[in-house]
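Notes for the structure review
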Amino acid sequence: MGKHNYTTQDFKSDQEVKWCPGCGDHAILNSVYRALPDVSEALDYSKERFVFISGIGCSSRFPYYMDTYGFHGIHGRASAISTGAKVANPELSIWQITGDGDALAIGGNHFIHAVRRNIDINIILFNNEIYGLTKGQYSPTSKLGSKTVTSPYGTVEQPFNPGELIIGAKGTFFARSIDMDVKLTAEVLVEAAKHDGTAVVVVQQNCVIFNDNTHSLITEKEHRPDRTIVLRHGEKMLFGKNKEKGLIMVGNHLKVVTIGEDGITLDDILVHDAKNPNPGVHMMLTNMAYPEFPFALGVIRAVKYATYDDNVRDQLLEVQTGSKIKCMDDLLHSGDTYEIK
Amino acid sequence: MDKQKHVLEVDEVSIRFSGDSGDGMQLSGTLFSDASALFGNGVSTFPDYPAEIRAPQGTVGGVSGFQLQIGNRKMYTPGDDCDVLVAMNPAALKANAKWLKPGATIIVDSDTFNEKGLQRAKFKTDDPVTELKLQDFNIVWAPITSLTKESLIETELDNKSILRSKNMFALGMVYYMFDRPLNFTEHYYEVKFKTRPRIVEANKKVLRDGYNYAGNIDSIPNTYKIPASTTTKKGIYRNINGNVATAWGLIAAAEKAKLPLFCGSYPITPATDILIELAKHKELDVKTLQAEDEIAGICTSIGASFAGNFAVTTTSGPGLSLKSEALGLAVMTELPLVVVNVQRGGPSTGLPTKTEQSDLFQALYGRNGECPLVVVAASTPSNCFDWAFNASKIALEHMTPVILLTDGYIANGTEPWAIPSMKDYPEIKPPLVPDGATDYLPYERDSEKLARRWAIPGQKGLEHRLGGLEKDFVKGSVSHDPINHQKMTDVRAAKVAKVQDFIPEQEVIGDAEGDLLVVSWGGTYGHTLTAVNSLQKEGKKVSLCHLHYINPLPKNIKDIFKRFKNIIVCELNMGQMANYLRMNHQEFNYLQFNKVQGLPFTVTELKGRFNQILEGK
């Protein structure tokens, strides 16, 4: 028996879920419902400490479907709102819900600075490579050449790889999942919650209306074992239906190998070290793309580093302990004053 | 020193220190005003500095000025033109020649009036006096640079440090002219340079040498005596500028509300000093977050307000533009938030270091949708404390964003301030939901204020969702219903209008009826008051109605306006308050007096215009 014993039902609000039928958001919502009871037990959080904060976009309707505290902000600003809420009230467990347009286009600045500050919030970035709520314009993660209503002849700009941006912004935690894999998403969400600092979970999510099948090359169930690799700290980097394939390092490059071929044995396969502060291998794993490589899922990076909110708290305590000024009247009379008699 | 000089007793005197922006003129001015306040004079100051940190040396664009007025009573303005001008180089003389009273004394550093100096200041001839038509002024040609070097020749200070002290030589000269005691300034050196005794001694020596030099030269024929004010109330005082007073008012409000203060902000001239001041006071549970941009400044504050802190953000005009959308979010989510806008010259980047009042419409209307919020304005450096406090009290008790307007003039201007006692300030009681409440509906309102109640994340059983989408009138959930939107629009407006029931009536300075009512608001108070007082002394039927509460206006505005034959609205913009009053009280005829030069009004120009109206012109 746990301490709180919440069930998924405890986190469902009475609001009707209004995403399109078949939208990947439904699956992510289910992953969150599934993860929160486990988070509660693992970290001893009672329900009222959870806060869901979002920006604008399809994914940003999320807080309405949670029976927790919630805040539906404005386009791109969820990272800033979350930052303020966490610094003001460090006891809260903040979950920011955002999309590729919200976090990486209009909110790009706030996003990278939240990551850089390493403020202890969890960010779930729904990456469908399209603007859904405004009906199908290309986003900062749309593949080069994507034909959309605002790029009828194909896009001419390089997309972001969100993971690369997160690691580049000094991110301490980056995980990746796919919408259909509710179990894996729930697993990395619990890991994100346990991480002290900004934890970003990018979920490859399908927009059934405007960008259907954008991730299908890797997400189709029959191909998934061969085209994705689930990374877990301390475990061998293996994939394939029978875990017969793996990753090795050749010089400065990753390489896919098959155990038993070319003299490769299990011992040759790399062990995933998510806690390595050096982001080199994490960056390589993040950048792996099908067909040359399997697409990396799971917790790719989880490095311990001081958090912004802890530093704020420590500084407050330190200054308060050493100061003679205890109230406003003290401040008013501090420094240069003089008396008129 | 032994020469007997004539002593003139005067009621007030205005002095302007000017030099290169690295010459330390702001410090000289500040030290002089501090010494005068300590002596018991009324003091008002106004720094006038360029936007560039170090513009090319010796150029007119790089001139930094500091004007102050001291008097035998409370001073409300730094004076229009000055009685004494200190000009540390030709550029300073050129830039400030227009601010001289007839017969004024000009102290110049004659060492800088060489070919190079004149060229840099772009004089066309080698005779700046004739070129600037200064023949009728008393010019004291003092070789300040070489005398400073001579004064410190025996010290081991390097040349750069020695030259940096020349502002103290000039200050010493002015101290002599105005019979100021040196001890307060000497004490300042001792504190400021605690670890560098040689610098302390050097500054003291230069100050005294300047003082003695002024006593020995014939070109300073007389000194001035400005008696201490007899009307100043007894008590403990400090000199304070508007930005520090604003910061302290916010901290005071947080203390009275028993909430931690959170300020998310982005540096912007001339508002940055509020953030700088707040960042110092972690001992009073103040959290400051220097955000990545203006939008994050307000959005972190909105997040902090949602999470239960008393949240504020500070900015100036261009920053307020960036905050517009988020202000709408604060209006929609009905969270307490104070936004301080220290106005500067606009539009766009405009005149960052100069003063203006041209953000009034932006504060009132600069958002999408029907988006009312409360707007108040401070009027003097020290009362920024009270208005920051009042703005906070309204925000917290009425659950609304409040914009507090100050401006570059009062933000940087200083005046003596009788230190208040916090026991004289009211409690602030935000409508927090008690723990254990079971019937919480986030948009349910009280009948008096129409404010919703504030439940803080972390409180058990009060889980709710806020956001920028329209809310159901009762439940607070998302609603797209047409009639509901009308009701919510109405109630948001009514909530702001209801603030009128909780603010005092507008006061009139002078008779309640007369020939002319001067209407002003914000930082122009010192000038309009001085002009009106002066005309009242001449027996003219002029009164002043200076506004602090702007939206909503006090209830009795109409009763005041109807008792005057003429109304003139004076403001440092092209007529925004006048038009606002026309919208709210259209039955009156409003004359206007407007100025957008990046400068405060002068008392002279105000009196000139008021006299014209009184004479029927």
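Residues numbered from 1 in each chain as written. Chains lettered and ligands numbered in written order. Predicted model: local features only at pLDDT ≥ 70, side-chain atom pairs only at ≥ 80, totals over all residues.

Some thoughts on the overall build of chain B
The test is simple: Only runs of H or I of at least four residues qualify as helices and only runs of E of at least two qualify as strands under DSSP, and these elements are numbered from the N terminus. For the radius of gyration, the atoms used are the C-alpha atoms, and the globule rule reads 2.2 Å times the number of residues raised to 0.38. Three exposure classes are used, all based on how many other C-beta atoms lie within 10 Å of a residue's own C-beta (placed from the backbone): buried at 20 or more, exposed at 12 or fewer, and partly exposed between those limits. Residues are defined as contacting one another if the C-beta atoms placed from their backbone atoms lie within 7 Å.
Of regular secondary structure, chain B possesses 21 helices and 22 strands. For a compact globule of 617 residues, the expected C-alpha radius of gyration is about 25 Å, and chain B comes in at 26 Å, within 12% of that figure. Once the C-alpha set of chain B is aligned to its principal axes, its extents read approximately 85 × 60 × 50 Å. For chain B, the proportion of its 617 residues judged to be buried stands at 54%. In chain B, the share of contacts with a sequence separation of at least 24, taken over all contacts with a separation of at least 6, comes to 77%.

Comments concerning the interface of chain A and chain B
Operational definition: Throughout, the ten residues Ala, Val, Leu, Ile, Met, Phe, Trp, Tyr, Cys and Pro are labelled nonpolar, Asp, Glu, Lys and Arg are labelled charged, and all others, Gly among them, are labelled polar. Here, strands pair whenever DSSP counts at least two bridges between them.
Each partner contributes to the interface: chain A provides 48 residues, whereas chain B provides 56 residues. Where the side of chain A that touches chain B is concerned, the elements lending two or more residues are strand E2 (69-72), helix H2 (78-88), helix H4 (108-117), helix H10 (308-322), helix H11 (328-332) and strand E12 (338-340) of chain A. By residue class, the composition of the side of chain A that touches chain B is 22 nonpolar, 17 polar and 9 charged. Relative to strand E9 (residues 235-241) of chain B, E12 of chain A is paired through 3 bridges, and the arrangement is antiparallel. For Tyr338 of chain A, the partnering residue across the bridge sits in E9 of chain B and is Tyr237 of chain B.

A closer look at the sheet that holds strand E4 (residues 122-127) of chain A
What counts here: Convention adopted: a line fitted to C-alpha atoms gives each axis, helices being fitted over their contacting stretch, and angles between N-to-C directions are expressed from 0 to 180 degrees.
Spatial ordering of the open sheet is given by E7(A)-E11(A)-E5(A)-E6(A)-E4(A)-E3(A)-E1(A)-E2(A)-E17(B), a layout of 9 strands whose pairing is mixed. A single partner strand is all that each edge strand has here, and the edge strands are strand E7 (228-231) of chain A together with strand E17 (465-467) of chain B. Averaged over all neighbouring strand pairs, the angle between strand axes comes to 20°, with direction disregarded. Two elements, E7 of chain A and strand E11 (residues 295-302) of chain A, share 4 bridges in a ladder whose sense is parallel. Bridge pairing in E11 of chain A places Ile229 of chain A opposite Ala296 of chain A.

Points about the domain arrangement of chain B
Residue and element names in this part refer to chain B. Formally: These domain boundaries are the output of an automatic or database domain assignment.
Annotation of chain B at the domain level lists domain 1 (6-225), domain 2 (238-424) and domain 3 (514-614). On a C-alpha basis, the centres of domain 1 and domain 2 stand 34 Å from each other. Elements supplying a minimum of two residues to the side of domain 1 that touches domain 2: helix H1 (25-39) and strand E3 (42-48). The element contributing the most residues to the side of domain 1 that touches domain 2 is E3, with 5 residues. Residues of the side of domain 1 that touches domain 2, tallied by class, amount to 7 nonpolar, 3 polar and 1 charged.

Side note on the confidence of the model for chain B
Selection criterion: Per-residue confidence from the predictor is reported as pLDDT, which spans 0 to 100.
Looking at chain B as a whole, the pLDDT averages 95, with 99% of positions reaching at least 70. In the predicted complex, the global pTM is 0.96; the interface-specific ipTM is 0.98.

Re the nonpolar core
Looking at soluble globular proteins, one finds that nonpolar side chains tend to be buried together. What counts here: Core membership is restricted to buried Ala, Val, Leu, Ile, Met, Phe, Trp, Tyr and Cys residues, and these are joined into a nonpolar core through C-beta atoms within 7 Å.
With 256 residues, the main nonpolar core has Val201 of chain A together with Met173, Val174, Ile251, Ile302 and Leu404 of chain B as its most contacted residues. Of all the elements, helix H10 (residues 242-257) of chain B adds the most residues to this core, at 10 residues. Non-local contacts of Met173 of chain B, meaning those with residues more than four positions away in its chain, are made with Ile107, Ala142, Gly210, Tyr211, Tyr213 and Ala214 of chain B. Formed by 6 residues, the second largest nonpolar core is a distinct cluster that contains Cys23, Tyr131, Tyr138 and Cys207 of chain A.

Focus: the pairing of strand E5 (residues 82-87) of chain B
Residues and elements named next belong to chain B. Convention followed: The path from the first strand over the helix to the second decides the hand: if it runs clockwise while the strands point away from the viewer, the crossover is right-handed.
With 6 of 6 residues buried, E5 lies mostly within the body of the structure. Bridging between strand E2 (residues 12-20) and E5 involves 4 bridges; their strand directions are parallel. Bridge pairing in E5 links Ile15 to Val84. Each parallel crossover has a hand, and for E5 linked through helix H2 (residues 90-96) to strand E6 (residues 100-109) it is right-handed.

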